[in-house]
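Secondary and tertiary structure notes
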Amino acid sequence: MATNFGSGKKWVVKIVFCFLLLLVPMTSAGRATVGTSSSSISHQKLEVKKHLKHLNRPAVKSIKLLIILSSKTTQFRCDQVFIQKGALLGRSKISSKSKPITQLWHLTGRCPEGTIPIRRTKKDDILRASSVQQFGKKKHRTIPKPRSAEPDLISQSGHQHAIVYVEGDKYYGAKATINVWDPKIQQPNEFSLSQIWLLGGSFGQDLNSIEAGWQVSPDLYGDNNTRLFTYWTSDAYQATGCYNLLCTGFIQINNEIAMGASIHPLSGYGDSQYDISILVWKDPKEGNWWMQFGNDYVLGYWPAFLFSYLSDSASMIEWGGEVVNSQSDGQHTSTQMGSGHFPSEGFGKASYFKNIQIVDASNKLKAPSDIGTFTEQPNCYNVQTGNAGNWGNYFYYGGPGRNPNCP
Ligand SMILES: *[C@@H]1O[C@H](CO)[C@@H](O)[C@H](O)[C@H]1NC(C)=O
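This structure is a prediction, so every number in the text was calculated from the model and none was measured.

The next subject is the pattern of salt bridges. Across all of its chains, the model carries five salt bridges by this definition. In this structure, Lys 366 and Asp 360 form a salt bridge, with 4.0 Å as the shortest nitrogen-oxygen distance. Exposure remark for Lys 366: the relative accessible area of 40% places this residue in the partly exposed category. Overall, Asp 360 belongs to the buried group, its relative accessible area being 15%.

Listed below in structure tokens is the structure:
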């Protein structure tokens, strides 16, 4: 396949980040369901209030932020961060920050050393979730098992994928550069994301997963912004894990990049392309899984003790997109994946992952060998791999969802 992404330099590939919204840690989750039976409404109110109080506990410093894109005001806070003794980085080549990054919340303040930026959770954020307990968690089981799981994926969870994967070895990390888009979401309870999965164990009830990338999720954030996010689970999306800092788990150490923050600017169809790089790797000494954003920002880590299988290594890595197809009107959702265009449209139009790499047992980044691809319904969302020059192993993925071939 002929690719000309390396030549025509009217395409400006830039990496610029501005982050708008920040999220909040959450620990104990209440059991009340929000907004269903009238008899328990006052109890629910109490639960929500209690939960908010916990999430928004007093901060070291408060920052009031004018969100320029949506013209709303949001509260931010800086929270003290306690870094585990001995939680050192496993890759010595990773340097500390070297250049400033543009985040819109910096206009109104910054977080002092030893603190991290966190978005205040609002009542509406929690009320949008089906229950207090469900807030910050993936709604359905979403197990992107490439082989033999198609019926399960389609009929039970409604999640659809277009991914590239490797398996059959021990993996100690994964990396990719991903261009960033603003896929349209048909219904608020659906989402569209593009991410790396590091998976451990079989695809049973004890599946371990670490996930990082960008997402649009109206239910989780209350808007259609494209945001940087992480997810983890150690029991196949059941009781453990959550997005970002919405539960205890991921330990953030960086005071400049906020989890759940909006990414700006975004790639345009037939226009400038913007991408982000994400690396997740395992510290060989302590066993913790670290996340790096771009070349300079180590954001934090998932302690090894959160996991069973992943406390050793990942047995599968996946890169690509996932959407929810809620199919409420009997038709396929028109929620887009990636750019909303098929891989065949190529650079500037289709979404991509480039320079996909894995970290091997000797703690070195290398190109994955023997990659597979998977998609449930290629007429809705598809994936197409390639290998070329400074793009290394890459793939285009995504699609529009509902269309004449995907009714
Ligand atoms: C998100 O976008 C959809 C259209 O894709 C629109 O109907 C909806 O109102 C938007 N939601 C918010 C919270 O802006």
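This part takes up the state of the cysteines. Across all of its chains, the model carries two disulfides by this definition. Two residues, Cys 242 and Cys 247, share a disulfide whose sulfurs are 2.1 Å apart. Handedness of the Cys 242-Cys 247 disulfide follows from its S-S torsion of about -85°: it is left-handed. We note that Cys 242, like Cys 247, is buried. Shown here is the disulfide that connects Cys 380 with Cys 406, its sulfur atoms set 2.1 Å apart. Here the S-S torsion is close to 100°, and the disulfide linking Cys 380 with Cys 406 is therefore right-handed. Of this pair, Cys 380 sits in the loop between β18 (372–375) and β19 (382–388) while Cys 406 sits in the segment after β20 (392–398), and the two are 26 residues apart along the sequence. For Cys 380, a relative accessible area of 1% gives the class buried. A residue is classified by how much of its surface remains accessible, and Cys 406, at 2% relative accessible area, is buried.

On to the site of the ligand. In the vicinity of the ligand, the residues found are Lys 184, Ile 185, Gly 222, Asp 223 and Asn 224. Within the contact set of the ligand, an oxygen atom lies 3.3 Å away from a backbone nitrogen or oxygen of Ile 185. Measuring from an oxygen atom of the ligand, one finds a side-chain N or O atom of Asn 224 at 2.3 Å. Here the ligand loses 40% of its free accessible area of 360 Å² to cover by the protein chains. Across the shell around the ligand, the residue classes break down as one nonpolar, two polar and two charged.

Tracing the sequence through the fold places Lys 349 in the loop between β15 (314–324) and β16 (351–359). Along the sequence, Lys 349 and Gly 270 sit 79 residues apart, while their C-alpha atoms lie 5.6 Å from each other. Once residues within four sequence positions are removed from consideration, Lys 349 is found in contact with Trp 181, Tyr 269, Gly 270, Ser 339 and His 341.

Okay, the sheet that holds strand β5 (residues 159–171) next. Across the sheet, seven strands lie side by side as β10-β9-β8-β7-β15-β5-β18; this open sheet has antiparallel pairing. Every interior strand has two partners, whereas the edge strands, β10 (242–243) and β18, have only one.

Our next topic: the confidence of the model for the protein. Taken residue by residue, the protein gives an average pLDDT of 77. The fraction at 70 or more is 70%. Across residues 148–156, confidence stays below pLDDT 50; counting only partners more than four residues off in sequence or on other chains, it has 13 contacts.

Next up on the list: the packing of aromatic side chains. Each aromatic ring pair is specified by the distance between its two centres and by the angle formed by the two planes. Under the counting rule described, the total for this entry stands at 17 aromatic pairs. Taking 4.6 Å as the distance between ring centres and 50° as the angle between the ring planes, the aromatic pair formed by Tyr 352 and Trp 391 counts as tilted. Separated by 39 residues along the polypeptide, Tyr 352 in strand β16 and Trp 391 in the loop between β19 and β20 bring together distant segments of the chain. These aromatic residues form a ring-pair network of at least three members: Phe 347, Tyr 352, Trp 391, Tyr 394 and Tyr 396.

The rules behind these values
Residues numbered from 1 in each chain as written. Predicted model: local features only at pLDDT ≥ 70, side-chain atom pairs only at ≥ 80, totals over all residues. Heavy atoms only, no water. Salt bridge = Lys/Arg side-chain N within 4 Å of Asp/Glu carboxyl O. Buried < 20%, exposed > 50% of the residue type's maximum accessible area, 1.4 Å probe, protein only. Disulfide = S-S within 2.5 Å. Helix = DSSP H or I, 4+ residues; strand = E, 2+ residues; numbered from the N terminus. Near = heavy atom within 4 Å. Polar contact = N/O pair within 3.5 Å; in protein donor to acceptor, adjacent residues only side chain to side chain. Areas by Shrake-Rupley, 256 points an atom, 1.4 Å probe, with all protein chains shown as cover. Nonpolar A, V, L, I, M, F, W, Y, C, P; charged D, E, K, R; others polar. Contact = heavy atoms within 4.5 Å. Pairing = 2+ DSSP bridges. pLDDT = per-residue confidence, 0-100. Phe/Tyr/Trp six-rings, centres within 6.5 Å; stacked < 30°, edge-to-face > 60°.

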